[in-house]
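Per-entry structural report
So you can see what is in the structure, the chains are spelled out below.
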Amino acid sequence: MWLVSFLIKRQYLESPEERTGAERLCQDLPVLLPAAPSVANISSTMSLSEAEVQSARGAWEKIYVDAEDNGTTVLVRMFTEHPDTKSYFTHFKGMDSAEEMKQSDQVRGHGKKVFSAINNMVQHLDNSEAFLGIVTPLGKKHATQLKIDPKNFRIICDIILQLMEEKFGGECKASFEKVTNEICTHLNSIYKEEGW
């Protein structure tokens with residue numbers, strides 16, 4: 001699908017003198033640009049085999065058994081290793097030490113919430129429509145209401161993979177890595193649709 005867009009609009013240029021010759025010549029010519037992928041088109045990009053889905057679920061179950069503690073560990077690492085991420089959480093800003101964050105009911109609750117959302121996605125890896133039914137509103141909320149930088153999803157996923165490897169070995173991490181890539185890919189697509 002192609003979207004017709006105009007190369008240059010007069011209202012975006014300061015004055016006619018600032019326009020280059022090429023801009024003046026092309027100001028009203030339409031240009032064909034590829035449209036951003038719609039969420040409906042994203043579903044066809046799910047690329048996990050049934051064996052990969054089962055392996056990923058097995059790996060996820062190991063870490064999800066203790067969702068609150070592991071979710072808390074992931075958030076505390078994110079906040080300590082990437083302190084700028086804490087700026088999105090006004091109620092976490094006053095917490096400076098990792099120990100203080102680990103004990104916080106708010107951090108623990110949000111860690112569990114993150115793990116529950118991922119668990120929901122993992123349970124629907126074999127159903128693109130259901131998977132997108134979870135990822136799409138999550139992505140839209142984080143993009144439009146919360147204004148969370150999408151790089152933070154990759155940070156969280158990378159920390160989850162590190163934790164999996166530390167606790168359960170490299171095979172566990174490898175089994176789940178493709179899932180984190182799928183999650184981040186779909187979230188990034190949603191962010192692009194929302195104008196990021």
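Residues numbered from 1 in each chain as written. Predicted model: local features only at pLDDT ≥ 70, side-chain atom pairs only at ≥ 80, totals over all residues. Heavy atoms only, no water.

Description of the overall build of the protein
A count of helical and extended segments in the protein gives nine helices and two strands. Overall, the protein shows an N-to-C arrangement of helices and strands of β-α-β-α-α-α-α-α-α-α-α. Expressed as a percentage of the 196 residues in the protein, the buried residues total 38%. Within the protein, residue pairs in contact and separated by at least 24 positions form 72% of the contacts whose partners lie at least 6 positions apart. When the accessible surface of the protein is totalled, it reaches about 11000 Å², and 53% of it is carbon and sulfur. (Helix = DSSP H or I, 4+ residues; strand = E, 2+ residues; numbered from the N terminus. Buried < 20%, exposed > 50% of the residue type's maximum accessible area, 1.4 Å probe, protein only. Contact = heavy atoms within 4.5 Å. Areas by Shrake-Rupley, 256 points an atom, 1.4 Å probe, with all protein chains shown as cover.)

Focus on the packing of aromatic side chains
In total, this model carries eight aromatic pairs according to the counting rule given. For the ring pair F153 and Y191, a centre distance of 5.9 Å and an interplane angle of 75° mean the geometry is edge-to-face. Remark: Y191 occurs in helix α9 (residues 170-193) and F153 occurs in helix α8 (residues 151-168); sequence separation between them is 38 residues. Of the residues examined, Y191 reaches a relative accessible area of 1% and is grouped as buried. Among the aromatic side chains, those forming a connected cluster through ring pairs are W60, Y64, F115 and F176. (Phe/Tyr/Trp six-rings, centres within 6.5 Å; stacked < 30°, edge-to-face > 60°.)

Here's the deal with the confidence of the model for the protein
Looking at the protein as a whole, its pLDDT mean stands at 82, while 77% of the residues score no less than 70. Within the protein, the lowest mean pLDDT, 27, falls on strand β1 (residues 2-6), and the highest, 98, falls on α8. (pLDDT = per-residue confidence, 0-100.)

Side note on unusual backbone geometry
Positive phi, close to 55°, is recorded for K147, a residue that is not glycine. Considering the arrangement of structural elements, one finds K147 in the loop between α7 (128-145) and α8. K147 sits in the partly exposed class, given a relative accessible area of 49%.

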